[in-house]
Amino acid sequence: MFRVDRDVLAEAVAWTARTLPVRPSVPVLAGMLLEVTDEQQLKLSGFDYEVSAQVTLDLQSGDAGKVLVSGKLLAEITRALPAQPVDFVVDGAKAVVTCGSAKFTLLTMPVEDYPSLPAMPPATGVVGSDVWASAVSQVAVAAGRDDTLPLLTGVRVEIEGESVTLAATDRYRLAVRELSWQPEQPDISAVALVPARTLADTAKSLTTGAQVEIALTSGGGGGGEGMIGFESGGRRTTTRLLDGEFPKYRSLLPTEFSARADLATGPFVEAVKRVSLVAERNTPVRLSFRGGEVVLEAGSGDEAQAVEVLETEFDGDAIDIAFNPGFLLDGLGAIDSDIARLQFTTSTKPAILTGKPADEPAATPYRYLIMPIRLSS
Amino acid sequence: MSRKQQVPRLGPAGGRPADDTGCHILHVDMDAFFASVELLERPELKGRPVIIGSPGVRGVVLSATYEARAYGVHSAMPMTRARRMCPHAVIIPPSHGKYGEISKGVMEIFRSITPEVEPLSTDEAFLDVGGARRRLGSPARIGALIRAQVAERFGITCSVGVASSKFVAKLASGQAKPDGMLVVPADGVVDFLHPLPVAALWGVGERTEEALRRLGIKTVGDLARIPPTTLQRELGVAVGSHLAALAWGRDERPVTPHQPDKSIGAEETFSYDVDDPEAIRRELLRLSERVAARMRAAGHVGRTVSVKLRRSDFSTINRSRTLREPTDIAKEIYSAACALYEAAGLERVRLRLVGVRVENLVPAEHSARQLALGEREAGWREAELAVDQAVRRFGAGIVRPAALVRREGDDEPRLGRG
């Protein structure tokens, strides 16, 4: 059917296989569809009704045709093949993969049973792939993982002209990232709620091209399902959107603070990791900011305790505040800055973690809100 | 109580005081605690048989004065039987808040003596006074001091056992009752123990007693003379070696201050079986309120909520669920309890008893609460804390959920009180 370089094939198969369902609801969904078009292109597709993935490769030679084989098995085989051209031939109900002296015979599945992939919606705009990947990962870290609250497992994407805002929250923290892109229409206004895990995977895997094309259909009242599509460097993927009204998060972001602390991010992360070694599940790390230093503490009198002191550039009223160390580390890992800035009002009000803006008083594009843990007294 | 036999009193009854060197463990037990507290308000009943307990058909005796005990009445006995034994006894329904208050005050007295206080229940505790001797004198003097302070502050009496180990101290206070103190000198433990019936030992219940009787063992002394290996063969390794050690007065368990509650629960036996889900839920609410208030009073929060549902044929099921965050809020306990009741598939089944319990308790001060975005600063917890305050000031039941307000003075037959 076709011949292609092993590296090219292996990479394309691996990328497509990522979206294949582990426990498919129908057997054909475990398959990967390989199709050679009349234009001498190879298309590899995977689909689980939620997420679709398709790679298009140019071929040197090939005969038009379609075949459906086990995607997982094909991925394992192509990964293990020697670095030589791969020949893929369909022989009746079998597919034969030959590479160098190795030869595999795979069973095929009925192509007619395979659902057709959703059409890619028309492109809505374009964003740099690296900026997109980093923005998505910064926000996805705060998304909920509890499937009983599906709404919170999503990343809210808000498009307003040239600016895109991403937001996610699991009720205990809220991450918001602003970025700019090039919309097809300058006055576009759209919102979407995209499953966070899929979005993060997708964004990370689309960094081979310089840009990502984003396509959005909001579903709307027309009955059609809302969908978002991403395309970059011959790879395209679509994802069904989540339903529901995302919390009105903007009003939750505090704008006035009574204190501000700047800390070197690396040492801060190390210190939080160290003291939280003694923090049991659901117990906090306590931060006491006084003048030029912060005391980090975890553990209690009945158990192991840890304490560490760090320098900080502190401005405002002294404050004692406690956080889930995991939440704090997630935020510190996401700010993408050498200096972390924490801003507070009181020990029971949300704190905001950002990177220190390069040129003040400019705002940072990324804000990570973290709800404190209230210590009962 | 009933199975404890009378034995001649030893100790400082006459002659010179017993040697209390090395007897650093005190067991303090209030005498007929609930009954004594009730008599404070009803002094005219002094000297008469008084029984505390719910007078209903399914009530049990919670406490009885010594005058009633003379008729064979003892705690945990069904009320109907107690009435038969002592028909002229005055029966007073329990009023829990009062006991708790006095109990707290008594425990405060203990803790002013030493921090090493291990409460066993509302009305008894072990104290390790080893560290208080320099300050307050010998263990016997400390025992006398406690008895005087309790009598002076609360007008009720207690009995104190002084010994070198917990179980001997407990036996000694039992011997000293009522209103007495008994010191068992360290070198007098064996003499003290050996004449006692085996049933007096910790861990000897009816079945073990029966097994021992078959071996011809009646007293602790008999038991002490049996080789431990024989006991282990007859009673199992654990029980056998435990009894062999106790028979020689060996009990190494230390006094452990505030033994943390592993769980807090409340249950209710209906005065007749109930199948109305509404009534069951109302009872679950009442029990959740009670449990939550007790947890807050004890400073505990817990993550696991369980319900106990007993059908009219006594078959019982327990169901539990673990919450995301520990709680001491009645509303949260109640909603988990209701969900468990509904999931148990026992709606419309006649129930004899329901219970609510919170397990996996941790001290509230360590259990910090993760705040959620947009959460109101003052939530249910604050509302319930306000109720606690009102209750402290005006008494139990002054504020309660609307669903529970109709209960008293209601015409339709209602659930009995526990």
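As the structure is a prediction and not an experimental result, all values here were calculated from the model.

### Details of the overall build of chain B
On a plain count of helices and strands, chain B comes out with 15 helices and 13 strands. Looking at chain B as a whole, 45% of its 418 residues qualify as buried. Across chain B, contacts joining residues at least 24 apart in sequence account for 68% of those joining residues at least 6 apart.

### Here we look at the packing of aromatic side chains
All chains considered together, the criterion is met by ten aromatic pairs over all chains. Between the aromatic rings of Y172(A) and F327(A), the centroid separation amounts to 6.1 Å while the plane-to-plane angle is 15°, which identifies the pairing as stacked. Placement of Y172(A) in the loop between strand 12 (163–169) and strand 13 (173–180) and of F327(A) in helix 6 (residues 325–334) is noted, with a sequence separation of 155 residues between them. An identical accessibility class is assigned to Y172(A) and F327(A); each is buried. Here F34(B) and Y99(B) contribute two aromatic rings whose centre-to-centre distance is 4.0 Å and whose plane-to-plane angle is 5°, an arrangement assigned as stacked. Taken together, the residues span a long stretch of sequence, with F34(B) in helix 1 (residues 33–41) and Y99(B) in helix 4 (residues 96–113) at a distance of 65 residues. Like F34(B), the residue Y99(B) is buried in the burial classification. Connected via pairs of aromatic rings, a cluster forms that spans F289(A), F314(A) and F344(A). Positioned over the ring face of Y66(B) is R69(B), at 4.7 Å from the centre of the ring.

### Topic: the pattern of salt bridges
Here the structure, examined in full by the defined rule, presents 31 salt bridges over all chains. When salt bridges that share partners are traced, they join E268(B), E283(B), R286(B) and R290(B) into one network.

### Brief notes about the side chain of N324(A)
The topology assignment puts N324(A) in the loop between strand 24 (319–323) and helix 6. Polar side-chain contacts of N324(A) include one of 2.7 Å to the backbone nitrogen of G326(A). The contact partners of N324(A), leaving out residues within four places of it in the chain, are I373(A) and Q370(B).

### Focus on the environment of Y71(B)
Residue and element names in this part refer to chain B. Here Y71 shows up in the loop between helix 2 (66–69) and helix 3 (79–85). In this structure, the C-alpha to C-alpha distance between Y71 and P49, residues 22 residues apart in sequence, is 8.7 Å. In this view, Y71 contacts P49, M85, C86 and H88; residues no more than four positions away in its chain are not counted.

### Some remarks on the UniProt feature "site: Substrate discrimination" (unreviewed entry) in chain B
Mapped onto this structure's residue numbering, the UniProt feature "site: Substrate discrimination" (unreviewed entry) falls at F34(B). F34(B) gets classed as buried once you look at its relative accessible area, which sits at 13%.

### A word on the confidence of the model for chain B
One rule of thumb: low pLDDT means the predicted coordinates there are not for detailed reading. Residues and elements named next belong to chain B. Here chain B averages 83 in pLDDT, while 88% of its residues score no lower than 70. Taking the mean pLDDT of every element in chain B, the minimum, 73, falls on helix 15 (residues 380–394) and the maximum, 95, on strand 7 (residues 158–163). Confidence drops under a pLDDT of 50 for residues 1–15, and excluding neighbours within four residues, the segment shows 26 contacts in the predicted structure. The low-confidence segment residues 408–418, where pLDDT is below 50, has 24 contacts with residues more than four positions distant or belonging to other chains. Here the prediction assigns the complex a pTM of 0.60, and the interface score ipTM is 0.78.

### Regarding the sheet that holds strand 9 (residues 263–274) of chain B
All names here are of chain B. Taken in spatial order, the four strands of this open sheet run 9-12-10-11, and their pairing is antiparallel. A strand with exactly one partner marks an edge of an open sheet, and here the two such strands are strand 9 and strand 11 (316–327). Averaged over all pairs of adjacent strands, the angle between strand axes in this sheet comes to 15°, irrespective of strand direction. Pairing analysis gives eight bridges linking strand 10 (residues 300–311) to strand 11, with the strands arranged antiparallel. Within the sheet, the bridge partner assigned to T304 lies in strand 11 and is T322. Helix 13 (residues 277–298) contacts strand 9, strand 10, strand 11 and strand 12 (351–363) of the sheet and is inclined by roughly 155° relative to strand 9.

### Some words on helix 1 of chain B
Burial runs high along helix 1 of chain B: seven of the nine residues are buried. Three or more residues of helix 1 of chain B are buried, namely F33(B), F34(B), A35(B), S36(B), V37(B), E38(B) and L39(B).

### Let's talk about the nonpolar core
Of all hydrophobic cores here, the largest spans 100 residues; its most connected members are W132(A), F268(A), L287(A), F289(A) and F344(A). Examining the composition of this core, we find that six residues originate from one element, helix 3 (residues 129–140) of chain A, more than from any other. Those residues in contact with F344(A), other than ones at most four positions away along the chain, are F257(A), S258(A), A259(A), A261(A), F289(A), F314(A), I319(A), I321(A), F323(A) and A351(A). Counting residues in each nonpolar core, the second largest holds 37 residues, with M30(B), L45(B), I52(B) and V117(B) among its members.

### Side note on the pairing of strand 7 of chain B
Residues and elements named next belong to chain B. Burial of strand 7 is extensive: six of the six residues sit out of reach of the surface. Of the two faces of strand 7, the one holding C158, V160 and V162 and the one holding S159, G161 and A163 are both buried throughout. Bridge count between strand 1 (residues 25–30) and strand 7: six bridges; the pairing is antiparallel. Of the residues in strand 7, the one forming a bridge with L26 is V162. Relative to strand 8 (residues 181–183), strand 7 runs parallel, the two sharing three bridges. Of the residues in strand 8, the one forming a bridge with V160 is M181. The parallel pair strand 7 and strand 8 is bridged by helix 7 (residues 166–176), and the resulting crossover is left-handed.

The rules behind the values
- Residues numbered from 1 in each chain as written.
- Chains lettered and ligands numbered in written order.
- Predicted model: local features only at pLDDT ≥ 70, side-chain atom pairs only at ≥ 80, totals over all residues.
- Heavy atoms only, no water.
- Helix = DSSP H or I, 4+ residues; strand = E, 2+ residues; numbered from the N terminus.
- Buried < 20%, exposed > 50% of the residue type's maximum accessible area, 1.4 Å probe, protein only.
- Contact = heavy atoms within 4.5 Å.
- Phe/Tyr/Trp six-rings, centres within 6.5 Å; stacked < 30°, edge-to-face > 60°.
- Lys NZ or Arg CZ within 6 Å of the ring centre and 35° of its normal.
- Salt bridge = Lys/Arg side-chain N within 4 Å of Asp/Glu carboxyl O.
- Polar contact = N/O pair within 3.5 Å; in protein donor to acceptor, adjacent residues only side chain to side chain.
- UniProt positions renumbered as here; feature names shortened; annotations may be inferred.
- pLDDT = per-residue confidence, 0-100.
- Pairing = 2+ DSSP bridges.
- Axes fitted to C-alpha atoms, helices over the stretch in contact; angles between N-to-C directions.
- Core = buried A, V, L, I, M, F, W, Y, C linked by side-chain atoms within 4.5 Å.
- Right-handed = clockwise from strand over helix to strand, strands pointing away.

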